[in-house]
Amino acid sequence: MYNNVLLSRYFPVKSKMHDMDPFAKMLSTIIFIVTLLITNNFTVMFILTIVTLIMLLRSNVPFGLYSKSVSGLSPLMALIIIITLLVGVNYYIILLVILKIVLIVIYTSILTFTSTPTEITYGFQKVLAPLKLIGVPTSKLALKMTMAIRYIPIMMEQAQRIIKSQASRGVDFANSKFDGKVFAFFSMIGPLFRLSNMRSKNLREAMEIRMYTVYNKRTSYRTKFWGFKDTFIVFLHLLILGVFITKEVLGHGSLLDNFFVRWIWF
Amino acid sequence: MEIKFDKVSFSYLAGTPLQVDALKEVSTTIESNKINALVGPSGSGKSTMIELINGLILPTKGIVHVGNHRLRNNIRIVNSNQLRFEIGVVFQNPEEQFFCNTVKKEIEFGMKYFGYKVDKIEERIESALKMVGLDNSFLNRNPFKLSGGEKRRVAIASVLAFNPEVIILDEPTNGLDITSKEMLIKLIKLLKTKYKKTIIVVSHDVDTLYKFVDNVIILSNGKILAEGNKFDVFSDVKYLTDNGVKVPRIVEFIHKVKEKTGKNLGKIDDVNDLIKEIYQNV
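Residues numbered from 1 in each chain as written. Chains lettered and ligands numbered in written order. Predicted model: local features only at pLDDT ≥ 70, side-chain atom pairs only at ≥ 80, totals over all residues.

A. The arrangement of the environment of A:Lys132 in detail. Topologically, A:Lys132 is positioned in the loop between helix H7 (117-128) and helix H8 (138-168). Each C-alpha atom of the pair A:Lys132 and A:Ile50 lies 35 Å from the other, and the pair is 82 residues apart in sequence. (Helix = DSSP H or I, 4+ residues; strand = E, 2+ residues; numbered from the N terminus.)

Written out as structure tokens, the structure reads:
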């Protein structure tokens, strides 16, 4: 009823994906998402699906966890299907959009299941590093992101505790009608804001006491280093993106594309 | 009201690789009109048990009998508000749930969901405040600006207001000063003797618990280690300490006296009685 939340969870096992450098993972994710968003090409989608599947299998994370994170988005997908059907969009486009959503969810799940929040932040900081040249405070942004990520489970836990204690006083979210649900929601949001405000104040003070502020320069402790597999994965992603762009720009490769489309659809 | 656990198991995130078994085939009966204590280290399943009793979570296996209600896996509770009306729970740090800007509104919050009429609500609020030892001047004060002990008492009053048959207190003495603690213990005793309530107290603090509870259930790793009358449960000190359970200091003292001198000081739960007993024996 209240305990089916699965969000930003690191799954601690040993695997090739866990061993990868966080920067490489972050870079690959960004290239992957960019490629996925700009493409409507079936061949590229097919290749990206295969890449995702290989990475999924190499992550040693049980398949159940991935299916759970995808099934969590089923209402959104249903909504997209309904809207697109009402508007009268081509079935091919609907399939493409759904496939894109599923791939993005699975790919980002691979990233979050195989890297700890600190690793993600490290990767994020590295990806943003070039922006330093134009004066963007990247380490500040990364620190803010760590804190935000760290806050999600805390807030979830707090929200569940408040919902339960309000339910025991008669304002039950799960078992009441619409007006009761609205009231229960507001009775959860109020205390949640107050408590998170209080908590963030405490956190800020605790960090400042230990000289851990955004203005200080920090070094990072790393246990994973860039290796051949990282270069390979990033190169593979770049290759897919590069081939796609070249093909689009120069207009080549339509033969291959048509072959795939014909082969699968007809 | 009878509360019975019949081979109840509960797992968080059941069916996923992150599954955690909080309770494992627990069977027990909680006696009516008694102060029952649930004791055990963190993660032993105490909070899970009280959430099961209140229908906030449903068992993965087994049945929880609460009066006429039967709570089992995947079966929606027929009348959840009736169940919550009969069982009042005061959670750990109950002041976190405060939502309204006056004590009065805070106590009446949710009461209309239990079908109380407006004139009856006024009456209930005043008697609830009286029960926890606060006067009517508190009604219009801001609950956020009260002291820690007062906040806790307002939170307990907000549960007492709808007059539940069973009252569950999760770590009630946590973070309170000695005066507030004693006040709370007095209130719990009064609820049992005068108002004939069944009380379940969950706590780590065995020394404080031992003073006022009747029955004890000791949980360890989701299983019941020992249960029954407090004197019987804590009689086997060696068994409990071997299993990592902290024994009340008074019990430890009586046990050591018995070991060294052979004298049995008897069933004593209060330090003052113990001092009297020692004087008489000396």
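B. Fine view of the sheet that holds strand E2 (residues 20-30) of chain B. Residue and element names in this part refer to chain B. Taken in spatial order, the four strands line up as E2-E1-E4-E5 in an open sheet, and their pairing is antiparallel. In the strand order of this sheet, the two ends are held by E2 and strand E5 (69-72), each with one partner. Strand after strand, the sheet turns through a mean of 25° between neighbouring axes, direction not considered. (Pairing = 2+ DSSP bridges. Axes fitted to C-alpha atoms, helices over the stretch in contact; angles between N-to-C directions.)

C. Geometry of the domain arrangement of chain A. All names here are of chain A. What the domain assignment lists for chain A is domain 1 (1-135 + 227-266) and domain 2 (138-213). In this complex, domain 1 contributes 15 residues to the contact, which on the side of domain 2 involves 14 residues. Per-class residue counts for the side of domain 1 that touches domain 2 are 10 nonpolar, four polar and one charged. (Domains from an automatic or database assignment. Contact = placed C-beta atoms within 7 Å. Nonpolar A, V, L, I, M, F, W, Y, C, P; charged D, E, K, R; others polar.)

D. Representation of unusual backbone geometry. Residues and elements named next belong to chain B. The backbone of Lys7 sits at a positive phi, close to 45°, despite the residue not being glycine. If you trace the backbone, Lys7 turns up in strand E1 (residues 3-12). When the 12 C-beta atoms within 10 Å are taken as the criterion, Lys7 is described as exposed. Even without glycine at this site, Asn163 takes up a positive phi of about 55°. Secondary-structure assignment places Asn163 in the loop between helix H5 (148-160) and strand E7 (166-170). Look at Asn163 and you get partly exposed, because 17 C-beta atoms sit within 10 Å. (Buried ≥ 20, exposed ≤ 12 C-beta atoms within 10 Å, placed from the backbone.)

E. Molecular detail of the interface of chain B and chain A. Residue-level contacts link 27 residues of chain B with 22 residues of chain A. Mapped onto the side of chain B that touches chain A, the elements with two or more residues apiece are helix H2 (80-86) and H5 of chain B. Sorting elements by how many residues they give to the side of chain B that touches chain A places H2(B) first, with three residues. Looking at the side of chain B that touches chain A, its residues break down into 17 nonpolar, seven polar and three charged.

F. Geometry of the packing of H7(A) against H8(A). All names here are of chain A. Their axes nearest at 9 Å, the elements H7 and H8 cross at an angle of 155°. If you check the angle between H7 and H8, you find them roughly antiparallel. Read as a crossing pair, H7 and H8 show a hand that is right-handed. Contacts from Pro117, Thr118, Ile120, Thr121, Phe124, Gln125 and Leu128 of H7 reach H8 at Thr138, Ser139, Leu141, Ala142, Met145, Thr146, Ile149 and Arg150. (Parallel < 35°, antiparallel > 145°, perpendicular 65-115°, else oblique. Left-handed = near helix turned anticlockwise from the far one by under 90°.)

G. Quick peek at H7(A). Residue and element names in this part refer to chain A. Over its 12 residues, H7 runs 16 Å from end to end, which matches the ideal 16 Å to within 8%, given 1.5 Å per residue. Within the sequence span of H7, burial applies to Glu119, Ile120, Thr121, Tyr122, Gly123, Phe124 and Gln125. Lining the buried residues of H7 we find helix H2 (22-38) and H8. (Expected span 1.5 Å × (residues − 1).)

H. Layout of the nonpolar core. By size, the foremost hydrophobic cluster in this structure holds 78 residues, and its most contacted members are B:Ile53, B:Ala157, B:Ile168, B:Ile200 and B:Val201. In terms of residue count, H5(B) provides more of this core than any other element does, six residues in total. In contact with B:Ile53, other than residues within four places in its own chain, are B:Ile3, B:Val64, B:Val66, B:Ile87 and B:Ile168. If you look at the next biggest cluster of nonpolar residues, it comprises 14 residues, including A:Phe23, A:Met55, A:Ala142 and A:Ile233. (Core = buried A, V, L, I, M, F, W, Y, C linked by C-beta atoms within 7 Å.)

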